[in-house]
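If you want the building blocks of each chain, they are given just below.
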Amino acid sequence: MERTFVMVKPDGVQRNLVGEVIRRFESKGFTLVGLKLMSVSRELAEQHYDVHRERPFFAGLVEFITSSPVVATVWEGEGVVASARKIIGATNPLTAELGTIRGDYGVSIGRNLIHGSDAIETAQREISLWFKDEELVSWKPSLTSWLYE
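Along each chain, numbering runs from 1 in the same order as the chain's sequence is written. Local features in this predicted model are restricted to residues of pLDDT 70 or higher, and side-chain atom pairs are both shown and tallied only at a pLDDT of 80 or more, whereas totals for entire chains, interfaces and linings draw on every residue. In computing side-chain properties, one takes all heavy atoms of the structure into account and sets aside hydrogens as well as water.

Novice: Pulling in residues and values, what's your account of the layout of surface pockets?
Specialist: Here the term cavity refers to a set of points on a 1 Å grid, laid over the protein atoms alone, in which a 1.4 Å probe fits but cannot get out; the term pocket refers to an open set having protein on both sides within 12 Å along at least five of seven lines, with lining residues being those that place an atom within 4 Å of a point. Grid points are joined across faces, edges and corners, and a volume is the space filled by probe spheres set on the points. Put simply, the largest pocket is a space of about 570 Å³. In this structure, the largest pocket is lined by 22 residues; those nearest its centre are Lys9, Tyr49, His52, Leu61 and Thr91. Those elements giving two or more residues to the lining of the largest pocket turn out to be helix 4 (58-65), strand 4 (114-116) and helix 7 (120-130). The class makeup of the residues in the lining of the largest pocket is seven nonpolar, nine polar and six charged. Secondary structure elements are taken from DSSP: a helix is a run of H or I of four residues or more, a strand is a run of E of two residues or more, and numbering for both begins at the N terminus. Following the grouping adopted for this structure description, the nonpolar residues are Ala, Val, Leu, Ile, Met, Phe, Trp, Tyr, Cys and Pro, the charged ones are Asp, Glu, Lys and Arg, and the polar ones are all others, Gly among them.

Novice: Mind laying out the sheet that holds strand 1 (residues 3-8), listing which residues take part and the relevant values?
Specialist: Strands were regarded as paired on the criterion that DSSP finds at least two bridges between them. Within the open sheet, the four strands sit side by side as 2-3-1-4. Their pairing is antiparallel. The open sheet has two edge strands with one neighbour each: strand 2 (31-38) and strand 4. Strand-to-strand twist across the sheet, computed as the mean angle between neighbouring axes with direction ignored, equals 15 degrees. Here strand 1 runs beside strand 4; their pairing, made up of three bridges, is antiparallel. Within strand 4, the position partnered with Met7 by the bridge is His115. Those strands touched by helix 2 (residues 18-28) are strand 1, strand 2, strand 3 (70-76) and strand 4, and its axis lies near 5 degrees from that of strand 3. Lines fitted to C-alpha atoms define the axes, with helix axes restricted to the stretch in contact, and inter-axis angles between N-to-C directions lie between 0 and 180 degrees. Only heavy atoms matter for contacts: two residues are in contact if any of them lie within 4.5 Å across the pair.

Novice: Run through the confidence of the model for the protein, naming residues and quoting values.
Specialist: Values of pLDDT, which run from 0 to 100, indicate the predictor's confidence residue by residue. Per-residue pLDDT for the protein averages 97, and the proportion of residues at 70 or more is 100%. Within the protein, no element has a lower average pLDDT than helix 8 (residues 144-147), which sits at 90, and none a higher one than strand 3, at 99.

Novice: Explain the nonpolar core to me, and be specific about the residues and the numbers.
Specialist: Nine residue types can take part in a nonpolar core, namely buried Ala, Val, Leu, Ile, Met, Phe, Trp, Tyr and Cys, and a core is a set of them joined through side-chain atoms within 4.5 Å. Relative accessibility under 20% of the residue-type maximum defines a buried residue, over 50% an exposed one, and the middle range a partly exposed one, all with a 1.4 Å probe and only protein chains included. In this structure, Val6, Val21, Phe25, Phe30, Trp75, Ile101 and Ile114 are the most contacted members of the largest nonpolar core, which totals 20 residues. Counting only elements with at least two residues in this core, the list comes to strand 1, helix 2, strand 3 and helix 5 (80-88). Counting residues per element, this core draws most heavily on helix 5, at five residues. In this structure, Trp75 is in contact with Glu2, Arg3, Thr4, Val6, Ile22, Phe25, Glu26, Phe30, Thr31, Leu32, Val33 and Val80, ignoring residues within four places of it in sequence. In this structure, Phe5, Tyr49, Trp130 and Leu136 belong to the second largest nonpolar core, which totals 18 residues.

Novice: Go over the UniProt feature "binding site: ATP" (unreviewed entry) in the protein, please, and point to the residues and values.
Specialist: UniProt positions are given in the numbering used here, feature names are shortened, and annotations may be inferred rather than shown by experiment. Under the local residue numbering, the UniProt record ascribes the feature "binding site: ATP" (unreviewed entry) to Lys9, Phe57, Arg85, Thr91, Arg102 and Asn112. Of the residues annotated just before, the largest pocket has Lys9, Phe57, Arg85, Thr91, Arg102 and Asn112 among its lining. Tracing the chain through its elements places Arg85 in helix 5. With relative accessibility at 32%, the residue Arg85 sits in the partly exposed group. Residues in contact with Arg85, not counting those within four places in the same chain, are Gly116, Ser117 and Asp118. Residue class for Arg102 comes out buried when judged on its relative accessible area of 4%.

Rendered as structure tokens:
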């Protein structure tokens, strides 16, 4: 089964949208295998956003993600990386489709509520950054047979 990393950013936590995010992924049929509320260290923030290190907005990303708690999650399911991106919506909430998390709740690109891995390889990297192996739980929900053949 494929896994992906999804993080409710500080603005999503502050706006009490954690439950809504979890509800959407659970309702889709994905399995939650990792969950933690945490303050993000500068070191972890810089590692997470390393791909943007040379961009002018890098410092702002690091400042924002370390400004308040986040909720880090790992989800499992067939096609979960691509599906999560659809559930999350476009990066800019003003162009995100209604029915997506960002389209329904986002207001500006700098406060777009949620992060999701953009590829399987990225998901693997991000999961290993944010979670130790022993913090992830492998389990099979009873509804699995109703979702997959």
